[in-house]
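# Structural overview for review
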Amino acid sequence: MVNHFLKFSHIAPEEIQPIIDRAIALKTGAISNALAGKSVAILFEKPSLRTKLSFWVGTEKLGGNPVHFAPEEVGLGKREPIADVAHVMSRMSEVAVIRTFAQTTIEEFAKNASIPVINALTDAEHPCQALADVQTITEQLGTVKGANVAFIGDGNNVAVSLGYAVSGLGGHLVVASPNGYEVPFEDVEGANTFGSAVDGSMKQVTSPQEAVMNADIVYTDVWTSMGQEAETAKRLINFDGYQVNPALLDQASATVKFMHDLPAHHGEEISHDLLYDSRSVVFDQAENRLWAQAALMEKLIQS
Ligand code: NVA
C-alpha cells in the first residue's frame, strides 16, 4: 500500500512525535539523502509562498529534485483527467505534492497514484501546516501534551488539521467562531476520538474571550480563505469582534505565544503589527514548514 498524507488523521497519533523529533533534528543539523536521485512533483492550483518554497527547498535538502507546476499549468481534471495526471506523475517522480480545492480531487489523484501523495492544502485540511504547528508548539512549550491552544476565527482547513494534531498529542484545542463558521461537527468528534488515548481534546465555542482563557497558544487564520473571495464583504461583517490583538492576548496565559499560518490580513483577523509583537512566534512557525515537511517526506519515502 502506498503511504499518502491526504488528511492529518492519515498518520497515527503515535507517529506524530517521531516526525516532530526528526524535523527538529533536521533543523539542528542532521543530514539526510532520503530523496537522492528522486524527484518531487509539486502541483498547485492555488497561490502559495511558504508551501512552494518549503517543499522546494526541503526536497533539495534531502538531495532530491523539485519540479513545480503553477496554478492552471496542468489543468487537473480540466485539460486532463485527474487519473491520467496521477498515472503520468507516478512514472516520472517519487512523491506528488498537491494543492487543490476539493478534498475529493486529491483523494481521486491518490487513488490513481503509485507514489506517496501529500496534501499541500485543500478546502478541507492543511495537514502539513498542522505538522509544523505542533513542531512549533513543542519548541515553545517543550511538549504539546496538556497545552491549551485557542484558535480564533474561521473553523476552516487550518483549524481542522490543527485539531487532530493537537488532540493527537494530548493537547487541548478550543476554537472560537461566529455562528455558521464552526469547524464541521464530524471533525470535532473525529479529533476527540483521534486524541482519546492521550487525553487530547477539541472543543468549539463562540466567545474568543472564553477560548483564550488560560491559553498557552493563541492562533488565528484569515477570515476569507483562497477560493472564498466573493464572500469577503460578508465575512468582514460576520467576523467583527474576532480580531486577535494585544488586548486579547493579554487575557490569555502570561506566557502566551501567538501563531498564524500566514498570509495575514493586517487590520482584519489580526491588529496591525501583531506579527511583530514580542509574543509572536509566527516566523519560527513559517520556517518549521520546511523541517516538518522534510521529515514527513523522509518518512513516506522510506516506509
Ligand atoms: N485558510 C487559508 C490558509 C492559507 C495558507 C486558505 O485556505 O486560504
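Right above here is the structure, for reference.
Residues numbered from 1 in each chain as written. Predicted model: local features only at pLDDT ≥ 70, side-chain atom pairs only at ≥ 80, totals over all residues. Heavy atoms only, no water.

Along the protein chain, the regular secondary structure elements total 11 helices and 9 strands. Since a compact globule built from 303 residues should have a radius of gyration of about 19 Å, the 18 Å found for the protein chain is in line with a globular shape. With respect to the principal axes defined by its C-alpha atoms, the protein chain has extents near 55 × 40 × 35 Å. Taken over 303 residues, the protein chain has a buried fraction of 56%. (Helix = DSSP H or I, 4+ residues; strand = E, 2+ residues; numbered from the N terminus. Rg over C-alpha atoms; globule rule 2.2 N^0.38 Å. Buried < 20%, exposed > 50% of the residue type's maximum accessible area, 1.4 Å probe, protein only.)

A complete count under the given rule lists 8 aromatic pairs for this structure. Taking 5.4 Å as the distance between ring centres and 35° as the angle between the ring planes, the aromatic pair formed by Phe151 and Tyr219 counts as tilted. Linking Phe151 in strand β5 (residues 148–152) with Tyr219 in strand β8 (residues 217–220), this pair joins segments that are 68 residues apart in sequence. Look at Tyr164 and Phe194: their rings are 5.7 Å apart centre to centre, the planes differ by 75°, and that puts the pair in the edge-to-face class. Of this pair, Tyr164 sits in helix α6 (residues 157–168) while Phe194 sits in helix α7 (residues 185–194), placing them 30 residues apart in sequence. Per residue, the accessibility class of Tyr164 equals that of Phe194, and both read buried. (Phe/Tyr/Trp six-rings, centres within 6.5 Å; stacked < 30°, edge-to-face > 60°.)

The next subject is the side chain of Ser90. With respect to the element layout, Ser90 can be found in helix α3 (residues 82–92). The class for Ser90 is buried, based on a relative accessible area of 13%. At a separation of 2.7 Å, a polar atom in the side chain of Ser90 contacts the main-chain carbonyl oxygen of Ala86. Not counting chain neighbours up to four residues away, the residues in contact with Ser90 comprise Asn112, Ala113, Ser114 and Ile115. (Polar contact = N/O pair within 3.5 Å; in protein donor to acceptor, adjacent residues only side chain to side chain. Contact = heavy atoms within 4.5 Å.)

For the rest of this paragraph, the subject is the packing of helix α5 (residues 127–141) against α6. Relative to each other, α5 and α6 sit at 45°, their axes nearing to 8 Å. On the basis of the axis angle, α5 is oblique to α6. For the crossing formed where α5 meets α6, the hand is right-handed. Facing α5, whose interface residues are Pro127, Ala130, Asp133, Val134 and Ile137, α6 presents Ser161, Leu162, Ala165 and Val166. Split by residue class, the contact of α5 with α6 holds 7 nonpolar, 1 polar and 1 charged. (Axes fitted to C-alpha atoms, helices over the stretch in contact; angles between N-to-C directions. Parallel < 35°, antiparallel > 145°, perpendicular 65-115°, else oblique. Left-handed = near helix turned anticlockwise from the far one by under 90°. Nonpolar A, V, L, I, M, F, W, Y, C, P; charged D, E, K, R; others polar.)

In this section: the site of the ligand. Looking at the ligand, the residues that line it are Leu121, His126, Asn156, Asn157, Val158, Asp221, Val222, Ser225, Met226, Asp261 and Leu262. With respect to the ligand, the side chain of Asn157 contributes an N or O atom lying 2.9 Å from an oxygen atom. For the ligand, a nitrogen atom lies 2.7 Å from a polar atom in the side chain of Ser225. In isolation the ligand has 270 Å² of accessible area, and contact with the protein removes 95% of it. Taken together, the residues that form the shell around the ligand break down as 5 nonpolar, 4 polar and 2 charged. (Near = heavy atom within 4 Å. Areas by Shrake-Rupley, 256 points an atom, 1.4 Å probe, with all protein chains shown as cover.)

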